[in-house]
Amino acid sequence: MVVITFEKSAKEEILYFFDKTVDEEGFIVEKDDITQKVITPDGEEVTLEEFAGIRKGSEIFIKSDLPSIIDLIDKLG
Amino acid sequence: MVEETWLGQLRELFEAVVKIDIRNIKFSLINIQVNSNNSSKQFGYDEDGRVDSINLKKFSPTEKRKIGELLREAQNEGTTLLLKESQELIKDIKLKEESSDVKPLLEFFKTKIPPNDYNALRAAIYIDKRFKEGGKFGEIYRLKGDVARKYDGRGLKICNIYASGYFETMIKPLYEEFSQQGFDRTDFINKYNIIVNEEAFALFVRTDMDGAEVKTAIKIKMSRNLKYGRRDVTIHGIGRSNAEKIRKAISDIEDEKEFPNFDKHIEETGNIILAKLSF
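Values in this document were obtained by computation on a predicted structure and should not be read as measured data.

The rules we used
Residues numbered from 1 in each chain as written. Chains lettered and ligands numbered in written order. Predicted model: local features only at pLDDT ≥ 70, side-chain atom pairs only at ≥ 80, totals over all residues. Heavy atoms only, no water. Helix = DSSP H or I, 4+ residues; strand = E, 2+ residues; numbered from the N terminus. Rg over C-alpha atoms; globule rule 2.2 N^0.38 Å. Buried < 20%, exposed > 50% of the residue type's maximum accessible area, 1.4 Å probe, protein only. Contact = heavy atoms within 4.5 Å. Areas by Shrake-Rupley, 256 points an atom, 1.4 Å probe, with all protein chains shown as cover. Lys, Arg positive; Asp, Glu negative; His and termini not counted. Charge placed at Lys NZ, Arg CZ, Asp CG, Glu CD. Buried area = accessible area lost by both parts, 1.4 Å probe. Salt bridge = Lys/Arg side-chain N within 4 Å of Asp/Glu carboxyl O. Polar contact = N/O pair within 3.5 Å; in protein donor to acceptor, adjacent residues only side chain to side chain. Nonpolar A, V, L, I, M, F, W, Y, C, P; charged D, E, K, R; others polar. Pairing = 2+ DSSP bridges. Core = buried A, V, L, I, M, F, W, Y, C linked by side-chain atoms within 4.5 Å. Axes fitted to C-alpha atoms, helices over the stretch in contact; angles between N-to-C directions. Expected span 1.5 Å × (residues − 1). Bend = angle between axes of the 7 residues up to and from the residue.

1. Concerning the overall build of chain B
Here is step 1 of the chain: For chain B, the helix and strand inventory stands at ten helices and eight strands.
Here is step 2 of the chain: For chain B, the C-alpha radius of gyration of 28 Å lies well beyond 19 Å, the compact-globule estimate for 279 residues.
Here is step 3 of the chain: Judged by the C-alpha coordinates and their principal axes, chain B covers about 90 × 40 × 30 Å.
Here is step 4 of the chain: Within the span of chain B, comprising 279 residues, buried residues form 47% of the whole.
Here is step 5 of the chain: For chain B, long-range pairs separated by at least 24 residues make up 58% of all intrachain contacts whose partners lie at least 6 apart in sequence.
Here is step 6 of the chain: Here chain B has roughly 14600 Å² of accessible surface; of this, 49% comes from carbon and sulfur atoms.

2. A look at the overall build of chain A
Here is step 1 of the chain: Secondary structure assignment for chain A yields two helices and five strands.
Here is step 2 of the chain: N-terminal to C-terminal, the α/β element order of chain A is β-α-β-β-β-β-α.
Here is step 3 of the chain: A compact globule built from 77 residues should have a C-alpha radius of gyration of about 11 Å, and chain A, at 12 Å, falls within 12% of that.
Here is step 4 of the chain: Taken along its principal axes, the extent of the C-alpha atoms in chain A is 35 × 25 × 20 Å.
Here is step 5 of the chain: Residue burial in chain A is summarised as follows: out of 77 residues, 49% are buried.
Here is step 6 of the chain: Taking as baseline every contact in chain A between residues at least 6 positions apart, the subset at least 24 positions apart corresponds to 17%.
Here is step 7 of the chain: When the accessible surface of chain A is split by element, carbon and sulfur atoms take 46% of a total near 3800 Å².
Here is step 8 of the chain: For chain A, the separation between the mean place of its 9 positive charges and that of its 19 negative charges on side chains is 5 Å.

3. Observations concerning the interface of chain B and chain A
How big an interface is tends to be expressed through the accessible area that disappears when the partners come together.
Here is step 1 of the chain: Contacts between the two partners involve 47 residues from chain B, matched on the other side by 40 residues from chain A.
Here is step 2 of the chain: Per-residue buried area on chain B facing chain A is highest for R72(B), L81(B) and L83(B); these three make up 16% of the total on that side.
Here is step 3 of the chain: At the surface where chain B touches chain A, the tally comes to seven salt bridges.
Here is step 4 of the chain: Of the charged contacts, one joins E13(A) and K64(B) as a salt bridge, the two residues approaching to 3.1 Å between their closest N and O atoms.
Here is step 5 of the chain: At the boundary of chain B and chain A, one finds 13 residue pairs in polar contact (both at pLDDT 80 or more).
Here is step 6 of the chain: When residues of the side of chain B that touches chain A are traced back to their parent elements, those giving at least two are α1 (5-18), β1 (31-35), α2 (61-76), β4 (81-83), α3 (84-97), α5 (115-132) and α6 (137-163) of chain B.
Here is step 7 of the chain: Looking at the side of chain B that touches chain A element by element, the count peaks at eight residues for α3(B).
Here is step 8 of the chain: Here the residues of the side of chain B that touches chain A are counted per class, giving 22 nonpolar, 15 polar and ten charged.
Here is step 9 of the chain: Pairing between strand β1 (residues 3-6) of chain A and β4(B): three bridges, direction parallel. Looking across to β4(B), one finds that I4(A) is bridged to L81(B).

4. A look at the pairing of strand β7 (residues 263-269) of chain B
Residue and element names in this part refer to chain B.
Here is step 1 of the chain: Bridge count for β7 against strand β8 (residues 272-278) is seven bridges, and the pairing is antiparallel. When the sheet's bridge partners are listed, K264 is paired in β8 with L277.
Here is step 2 of the chain: The hairpin turn running from β7 into β8, its antiparallel successor, is two residues long, and G270 in that turn takes a positive phi close to 60 degrees.

5. Section: the nonpolar core
Here is step 1 of the chain: Counting residues in hydrophobic clusters, the biggest one holds 76 residues, and the most contacted among them are L66(A), F109(B), L121(B), F167(B), F188(B) and Y192(B).
Here is step 2 of the chain: Discounting chain neighbours no more than four positions away, the residues touching Y192(B) are I113(B), P114(B), D117(B), R154(B), I158(B), F167(B), I171(B) and L174(B).
Here is step 3 of the chain: Of all hydrophobic cores here, the second largest spans 20 residues; its members include A249(B), F262(B), L277(B) and F279(B).

6. A short note on the sheet that holds strand β6 (residues 232-238) of chain B
All names here are of chain B.
Here is step 1 of the chain: Judged by pairing direction, the sheet is mixed, and its four strands sit side by side in the order β5-β6-β8-β7 without closing on themselves. Strands with a single pairing partner mark the edges of an open sheet, and in this sheet they are β5 (202-204) and β7. Taken over all neighbouring pairs, the strand axes of this sheet differ in orientation by 15 degrees on average, direction set aside.
Here is step 2 of the chain: Pairing of β5 with β6, which is carried by three bridges, proceeds in the parallel orientation. Looking at the pairing, F204 lines up with H236 of β6.

7. Structural notes on the pattern of salt bridges
Residue and element names in this part refer to chain A.
Here is step 1 of the chain: Applying the stated criterion to the full structure yields 37 salt bridges over all chains.
Here is step 2 of the chain: The partner of E50 in a salt bridge is K63, and the shortest N-O contact between them spans 3.5 Å. With E50 in the loop between β3 (28-30) and β4 (51-55) and K63 in strand β5 (residues 60-63), this pair connects stretches of sequence that are 13 residues apart.
Here is step 3 of the chain: Note on E50: relative accessible area 26%, which makes it partly exposed.
Here is step 4 of the chain: For K63, a relative accessible area of 9% puts it in the buried group.

8. What to know about α6(B)
The periodicity of an α-helix, 3.6 residues per turn, causes residues three or four places apart in sequence to face the same way.
Here is step 1 of the chain: In this model α6(B) runs just 16 Å from its N-terminal to its C-terminal C-alpha over 27 residues, more than 12% under the 39 Å that 1.5 Å per residue would give.
Here is step 2 of the chain: The largest bend in α6(B) amounts to roughly 130 degrees and is located at Y151(B).
Here is step 3 of the chain: Considered for burial, the residues of α6(B) that qualify are E139(B), I140(B), L143(B), G145(B), D146(B), V147(B), Y151(B), G155(B), I158(B), C159(B), I161(B) and Y162(B).
Here is step 4 of the chain: Packing partners of the buried residues in α6(B) comprise α2 (66-76) of chain A together with α4 (103-109), α5, α7 (166-179) and α8 (185-197) of chain B.
Here is step 5 of the chain: One or two steps after α6(B), the chain reaches G165(B), where phi turns positive at roughly 85 degrees.

9. Details of α7(B)
Here is step 1 of the chain: Between its first and last C-alpha, α7(B) extends 18 Å over 14 residues, near the 20 Å set by a 1.5 Å rise per residue.
Here is step 2 of the chain: What α7(B) keeps buried is the set Y166(B), F167(B), M170(B), I171(B), P173(B), L174(B), Y175(B), E177(B) and F178(B).

That's the geometry; what it means functionally is another story.
What follows is the structure, given as structure tokens:
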């Protein structure tokens, strides 16, 4: 399977492709409804700075902190 | 390796955009990186001449929209889109977890402690290794902050317990001791939780401490706890020799009558001693 990585500089473009944008507080929100913040499976909101990717399964947002990346290792197998 | 559908469409898009014969465009089947910067290149190649990076800034809005659709399709088909730095972090974590000094410990604890604690232990191991490699204060502080945010104070306690070596010298032997006694996992977890919850105010007696050192360590802990508003200390020890030293030290301290309200509660289970002093 191909792995698609992206640089920090491409974050907002990637989010745009997935119909997301960033609100005034820096949280990632739905483009059509900026009051709706995206959340991780743990129910956490995600800021642009924390955003580290999107996993399969609807849209599962990944955060860049150490515990989230450790969780991701198990999910990716 | 079979090429995914979206990747085939990406190749066709490139043929249309850059006007190169599609047979000459090969994509990396390992990694494609998406950039958006001011470099002049539309895409980059790996050492085998395969396209392995795309610079979104160099494509028109229509072309970008098409690339975006293909990325969504890729994600829908199971590809994970991941920040490059996070991919590097994954590689580093895996490398460290495979090292001979931690892999056995991780395997040992995998199903023995609560899942969140296990992941906090993994984080603790990574942080400890980064620290020993010379990781800067800012990085270590940030990583510990990540642990605190995810696992609250308990996660930080696990980091401290690991860094002090107590997973190997106290908790693992504790489990092994319980295993020999007609094992009830609840008993182990109860003792384990005491170790974790009381970490900051507890003393773990090591085999290399002599009697005098044990007594001094207990008194220092008592003073320190008192300074921070706690009038109690928990002392852990494994092995008959450590148990004797602890009992003797407690008895000596009691005889000194320095603390009028001194009280002790000692539990011994096999070779495990847990003493709670209040003062």
